[in-house]
Amino acid sequence: MTTNAELQALKERYVAAGAASPNQRFADHARNAEVWDADGNRMIDFAGGIGVLNIGHRHPKVVEAVKAQLDKLMHTCQTVMPYPGYVHLAEKLSQISPVRGHAKVMLANSGAEALENAVKIARAATGRSNVICFDGGYHGRTMYTMAMNGKAAPYQVDFGPMPGTVFRAPYPVPYHGVSDADALRGLKMTMKADSPGTHTAAIIIEPVLGEGGFYPASADFLKAIREICDEHGILMIVDEVQSGFGRTGKMFAIEHSGVEPDLITMAKSMADGMPISAIVGTDKHMDASGPNSLGGTYTGSPTACAAALAVLEVFKEEDILGQSQRLGSTLKSRFEEWQEKYEHVDNVRALGSMAAIELVSDKQGREPRPDMAAAVCAYAAEHGLILLSCGLHGNTVRFLMPVTIEDNILQEGLQIVEDALKSLS
Ligand code: PMP
């Protein structure tokens, strides 16, 4: 067996520095909310591969569906010869996605690829080129999605000029002094100063900022965005790559607001770790571009489609949305205890199980303390827990454990977080 140390030496020699994880434990196998590394150490997983494993590592039903698919067909390229999984999945995603009117679907491989294609579709549908995104937003690492990210370091700074048709507005984060009204004023200013409605193809928003800090936008704000889009014939694209597939206790976070977007992008937790993403949108927009204008060799591969179809069954059979809501309440009550007890813990929040705490100087000053968030995650790693920080200010600790996590394992993990918080004061 190869050890963590041996694998680390190989990584240092052969993996590009920018793509190499600082983590020196190498995952060997996993089940639900636990992972074992190459040396046999067990870790509790509060990251789920960044929100990909809402139904847990290797859900048996998904593993079975993928194995069955492997015995039948692995690849044709769906533009060369289509296969049943793609169209069955398209039908199901159309039925569950709260977009305006009848929804059609395109499948892709990753979140970034979904966003790239959503912009292509919006350009074709409107004949316009610009997009407006938000401070703190995150949409991917391809050339255009990189430009759409509302955080320069580490995503943009090493990579030269960004494509020039991306403009930005403030995301409402009242805790840090940006109210809904401030954010709307900012958006209107962007539309005056940089990208008028006549030139804007899409406004792209995460209903809950993911990488940007787990801040939910209010229903009123999302409704205002919808109205501005309607007034100017702009498409409203909701990026649910992180907030989708049950994380917030509904299938999609936008459902909390009642707003119907034109397009939704989704990826994480769609297929329990198999690489797949989707763009789901109103038919007339999805059909706007010409023949053979969208696609890719591997988009919507048979195995990933089989996994995604199995995931949708698991959602029904195991009441994943209910589990997500219950997990969210458990987390929220524990966070509130921490907020009471520890002076650096504040702005605790959970929309369903999209849950986070913030580490700040103190509850009055609210100065972000990214060093403390990093210390909490480092303590967790040393004590057998995978935990992630995030945020424009880097001071949010986010919780993305499987919603199917066993209660005793959840409590064990939360105790490690509490011990880490205790060690700060
Ligand atoms: N959009 C959002 C909201 C995301 O959270 C992410 C990934 N963190 C992406 C897009 C990009 O997804 P991927 O890494 O699969 O390209």
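Predicted model, so just to flag it, every value in this text is computed and none were measured.

(A) Summary view of helix 13 (residues 407–424). Taking 1.5 Å as the rise per residue, helix 13 with 18 residues should run 26 Å; its terminal C-alpha atoms sit 26 Å apart, in good agreement. Of all the residues in helix 13, the buried ones are Ile-409, Leu-410, Gly-413, Leu-414, Ile-416, Val-417, Glu-418, Ala-420 and Leu-421.

(B) View of the site of the ligand. The full set of residues close to the ligand is Ser-110, Gly-111, Ala-112, Tyr-138, His-139, Gly-140, Glu-206, Glu-211, Asp-239, Val-241, Gln-242 and Lys-268. The backbone of Gly-111 places a nitrogen or oxygen atom 2.8 Å from an oxygen atom of the ligand. Lys-268 is positioned with one of its side-chain polar atoms (N or O) 3.2 Å from a nitrogen atom of the ligand. In the complex, 82% of the free accessible area of the ligand, which totals 390 Å², lies under the protein chains.

(C) Seen up close, the sheet that holds strand 3 (residues 42–45). With mixed pairing, 4 strands are arranged side by side in an open sheet as 1-2-3-13. Taken across any chain shown, the strands that pair with only one partner, and hence form the sheet edges, are strand 1 (27–31) and strand 13 (385–386). In this sheet, strand 2 (residues 34–37) lies alongside strand 1 in antiparallel orientation, the contact comprising 4 bridges. Bridge pairing links Ala-30 to Val-35 in strand 2. Contacts from helix 13 reach strand 2, strand 3 and strand 13, with the element oriented near 90 degrees to strand 3.

(D) Examining the packing of aromatic side chains more closely. Applying the stated rule across the entire model yields 10 aromatic pairs. Arranged with centres 5.9 Å apart and planes meeting at 85 degrees, the rings of Phe-245 and Phe-252 form a pair that is edge-to-face. Taking relative accessible area as the criterion, Phe-245 reaches 1% and is therefore assigned buried. A relative accessible area of 0% means that Phe-252 is categorised as buried. An aromatic cluster is present here, built from Phe-46, Phe-335, Trp-338 and Phe-399 joined pairwise through their rings.

(E) Spatial organisation of the environment of Leu-53. With respect to the helices and strands, Leu-53 occurs in the loop between helix 2 (48–51) and helix 3 (60–70). Judged by relative accessible area, Leu-53 falls into the buried class, the value being 8%. Put simply, Leu-53 and Val-403 are 350 residues apart on the chain and 8.4 Å apart in space, counted from C-alpha to C-alpha.

(F) Region of the structure containing the nonpolar core. Judged by nonpolar contacts, the single largest core of 114 residues is most densely connected at Phe-46, Leu-89, Leu-93, Phe-245, Trp-338, Leu-387 and Phe-399. For this core, the leading source of residues is helix 10 (residues 302–317), giving 10 residues. Counting residues domain by domain, this core receives three or more from each of domain 1 (4–55 + 319–424) and domain 2 (63–317). Phe-46 has contacts with Leu-385, Ile-386, Leu-387, Arg-398, Phe-399, Leu-400, Met-401, Ile-405, Leu-410, Gly-413, Leu-414 and Val-417, leaving out every residue within four places of it along the chain.

(G) The arrangement of the domain arrangement of the protein in detail. Domains assigned within the protein are domain 1 (4–55 + 319–424) and domain 2 (63–317). Look at where the C-alpha atoms of domain 1 and domain 2 centre, and you get two points 25 Å apart. Counting from both sides, the interface comprises 36 residues of domain 1 and, opposite them, 34 residues of domain 2. Summed over both sides, the interface between domain 1 and domain 2 buries roughly 2,900 Å², with carbon and sulfur atoms accounting for 58% of that surface. For the pair domain 1 and domain 2, the number of links is 1 salt bridge. The shortest N-O distance in the salt bridge between Glu-211 and Arg-398 comes to 3.0 Å. With 5 residues, helix 11 (residues 320–341) is the single largest residue contributor to the side of domain 1 that touches domain 2.

What counts and how
- Residues numbered from 1 in each chain as written.
- Predicted model: local features only at pLDDT ≥ 70, side-chain atom pairs only at ≥ 80, totals over all residues.
- Heavy atoms only, no water.
- Helix = DSSP H or I, 4+ residues; strand = E, 2+ residues; numbered from the N terminus.
- Expected span 1.5 Å × (residues − 1).
- Buried < 20%, exposed > 50% of the residue type's maximum accessible area, 1.4 Å probe, protein only.
- Near = heavy atom within 4 Å.
- Polar contact = N/O pair within 3.5 Å; in protein donor to acceptor, adjacent residues only side chain to side chain.
- Areas by Shrake-Rupley, 256 points an atom, 1.4 Å probe, with all protein chains shown as cover.
- Pairing = 2+ DSSP bridges.
- Contact = heavy atoms within 4.5 Å.
- Axes fitted to C-alpha atoms, helices over the stretch in contact; angles between N-to-C directions.
- Phe/Tyr/Trp six-rings, centres within 6.5 Å; stacked < 30°, edge-to-face > 60°.
- Core = buried A, V, L, I, M, F, W, Y, C linked by side-chain atoms within 4.5 Å.
- Domains from an automatic or database assignment.
- Buried area = accessible area lost by both parts, 1.4 Å probe.
- Salt bridge = Lys/Arg side-chain N within 4 Å of Asp/Glu carboxyl O.

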